[in-house]
Amino acid sequence: MTGEERLRLLEEKAAELRRLAQEHDLDLSAELAVLEQKIAALKRSIYAELSPWARVQLARRPDRPSGLPFVQALCAGFYELRGDRIVGDDPALRGGFGKIGGARVALLFHQRGTTPEEQRQSRFGMASAHGYWKARRIMEVAARLRLPLLTLINTPGAYPGVQAEAHNIAGAIATCIWQMLRHPAPTVAVILGEGGSGGAVALAAADRVLMLENATYSVISPEGAASILWKDAKFAEKAAENLKLTAQDLWALGVVDEVIPEPPGGAHTDFLGTVEAVRQAVLHHLRELSTKPLDELLRLRYKRYRHVGSAGSGH
Amino acid sequence: MPIRRDKRDRYVEIEVGAPAEPLWVRCESCGELIFRRKLQENQYVCPRCGAYFFLSAPERVASLVDEGSFEELPPPRIEEDPLGFSDQVPYKERLSRARVETNLNEAVLAGRAKVQGIPVILAVMDFRFIGGSMGVGVGEILALAMERAAEERKPFVLVVASGGARVQEGVLSLLQMVKVVAARETLAQAGVPYIAILTYPSTGGVLASIGGIADVTIAEEGALIGFAGPRVIEQTTGERLPPGFQTAKFALEHGIVDAVVPRAKLKEELVRALSVLAGEG
Ligand SMILES: [Zn+2]
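The written sequence of each chain sets the order in which its residues are numbered from 1. Whichever chain is written first becomes A and whichever ligand is written first becomes 1, with later ones labelled in order. Owing to the predicted nature of the model, reporting of local features is limited to residues with pLDDT of at least 70; listing and counting of side-chain atom pairs is limited to 80 or more, with chain, interface and lining totals taken over all residues. Where side-chain values are given, they derive from all heavy atoms of the structure, hydrogens and water being excluded.

Some points on the domain arrangement of chain A
All names here are of chain A.
And step 1. One can read the domain layout of chain A as domain 1 (3-49) and domain 2 (54-306).
And step 2. Annotation comment: domain bounds sourced from an automatic or database domain assignment. One C-alpha centre belongs to domain 1, the other to domain 2, and the line joining them spans 27 Å.
And step 3. What makes two residues a contact is simply this: any of their non-hydrogen atoms within 4.5 Å. Between domain 1 and domain 2, the contact holds 8 residues from the first and 13 residues from the second.
And step 4. Buried area is calculated as the accessible area (1.4 Å probe) missing from two parts once they are joined, with the contributions of both summed. Approximately 1,000 Å² of surface area, both sides summed, lies buried where domain 1 meets domain 2, with 60% of it carried by carbon and sulfur atoms.
And step 5. We define a polar contact as two N or O atoms separated by no more than 3.5 Å, with the added condition that, inside protein, one atom must be a possible hydrogen donor and the other a possible acceptor, whereas residues neighbouring each other in sequence contribute only through side-chain atom pairs. Taken together, domain 1 and domain 2 are joined by 0 residue pairs in polar contact (both at pLDDT 80 or more).
And step 6. Those elements that provide at least two residues to the side of domain 1 that touches domain 2 are helix H1 (3-24) and helix H2 (29-48).
And step 7. Under the convention adopted here, Pro, Cys and the residues Ala, Val, Leu, Ile, Met, Phe, Trp and Tyr are nonpolar, Asp, Glu, Lys and Arg are charged, and Gly plus all remaining residues are polar. Here the residues of the side of domain 1 that touches domain 2 sort into 3 nonpolar, 2 polar and 3 charged. Helix and strand labels come from DSSP, where a helix needs a run of H or I of at least four residues and a strand needs a run of E of at least two; each type is numbered from the N terminus.

This is the structure we're talking about:
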């Protein structure tokens, strides 16, 4: 389906909702608002026509809203938990608790840092084994307390280092995925910037996966794909097109539930506006998920991932 | 398809061999010329220096199960090349080439089998097939195999030989990591044991999903076990890799696997684990 066809479909759906609301005197404003948001995002993505490569650059900006400042603006009274309780802590992947719209949630998020010092410390958001073991620990705490889990993803990928391997980073990522699939409360993942391979998917096995309009989500960086498949990093732009890593492409593939619109210049031009858009989207999905009984929630979550990529999946 | 170690005996590398099968092969590790039949009898371990050569999935199956007991599960129907991916070669063409070269449909072979009389569901990955990479096809075969194991209450045995996710299927490959972990949870719910055997190579998205969370994890001597490849680590971090990094022994010493076993003893080891774990009560 092309963008225009998708847009027409959504607009027909919206018209249908408006007709229903009027005919039966129903309040469908919440549903309509969501649909209209989608339409707006789609419109802009069609008309702005940013190339996938341009979006990769936007997603990687150091001033992109994310990390601790984002979490502090997003929720009231953020309380951070530190350490994996085994060997250490990791400044690249952080988490704790906070309140959003009055409701308690557990949070996990990547920290890329903005100053060179911060960036060095947090390895540009590449979390090591400690980070993912800590994430597992925070997921377990959240599970005990039956708290919804919100993850905010912005990472080039998990850290490829000697220490990381010695501390079983692969096992830590696998365990995080497993833990998220079993989480006994609603889970929402938002990809704010870069959703880089294993380091991103470890936090993305959620009931709902949302993406900011210019965020990316990919199995490998375009540069990595270019050097493996084209044997030349100069083909990164071409790889970015082939990988279908934009929010719009992933929405069309059924991998992403909602594309959250950004201001025309990109999320970094309006920090608070971006936080607010993410808050609204998260609240909407959490509200919807909270109406489902736990067994239903787990069943739907299983179904979603069990059939990903199989014939017949998607919107 | 020999495995090669570098001068410091640190890690191994595979040379994708010519399709024709010569009578003699040269061990890239010690230089010895070996009669192919002799090598085969020795389960593709160099009789002179002990270097491990690559095993195809059918060879691996034969080395582990009771003769004639392997019965392949029906292959799933999936949509191929979901992204319409093309690099220097269209992905569809890479797939057909791999099929011709390996005589396999995908990078994993799964079926019912018996190991010294114990019924199991066995899945074996094949590195020759696009690096043993996991895309939708591999994810689907693995998930079906685990579901079958849970249903039939038979232990699930997986032999990993994979470089990671299949790049040509993009994020759909990445999400196969979640799919196989979801299927692994059905094993857990059924109380069915899962034994992983990690071989050369067990890396990337496969190790960071299904390969990393077995109940029992056995490493074959000569395995490469790690999330990131040695070159990626060196290039990204500039770190010097310690000797023996990401070998089976390294994994054992760092608490990542339960045992390191030479190829010739793998079946015996598997039987020892299965005899205790398989069955009710
Ligand atoms: Zn030799």
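Structure's up, so let's keep going.
Re the coordination of the zinc ion
Residue and element names in this part refer to chain B.
And step 1. For the zinc ion, the protein coordination sphere consists of Cys27 (SG), Cys30 (SG), Cys46 (SG) and Cys49 (SG), at 2.2 to 2.4 Å.
And step 2. Classification of the site at the zinc ion as tetrahedral follows from its 4 donor atoms and the range of 107 to 112 degrees in their angles at the metal.
And step 3. Ligating atoms shown are N, O and S within 2.8 Å of the metal, or 3.2 Å for Na, K and Ca, and water is not included, meaning a site may look less than complete. Spacing between the donor residues of the zinc ion along their common chain follows C-x2-C-x15-C-x2-C. Taken as a pair, Cys27 in the loop between strand S3 (24-26) and strand S4 (33-35) and Cys46 in the loop between helix H1 (36-41) and helix H2 (57-64) lie far apart in primary sequence, 19 residues in all. Here a site with four donors is tetrahedral if all angles are between 85 and 135 degrees, and a site with four or six donors is square planar or octahedral if opposite donors are over 155 degrees apart and the other angles are between 65 and 115; anything else gets the irregular label.

Brief notes about the pairing of strand S4 (residues 149-155) of chain A
On a regular strand, each side chain points to the face opposite its neighbour's, so the side chains alternate between the two faces of the sheet.
All names here are of chain A.
And step 1. Counting buried residues along S4, 7 of its 7 residues qualify, which places the element largely inside the surrounding structure.
And step 2. Burial classes: relative accessible area under 20% of the type maximum marks a residue as buried, over 50% as exposed, and values in between as partly exposed (1.4 Å probe, protein chains only). Burial along S4 is two-sided: the residues Leu149, Thr151, Ile153 and Thr155 and Leu150, Leu152 and Asn154 are all buried.
And step 3. Relative to S4, strand S3 (residues 103-110) runs parallel, the two being bridged by 4 bridges. If you follow Leu107 over to S4, its bridge partner there is Leu150.
And step 4. Bridge analysis of S4 against strand S5 (residues 187-196) gives 6 bridges, and the strand direction is parallel. Within the sheet, the bridge partner assigned to Leu149 lies in S5 and is Thr187. Strands were regarded as paired on the criterion that DSSP finds at least two bridges between them.

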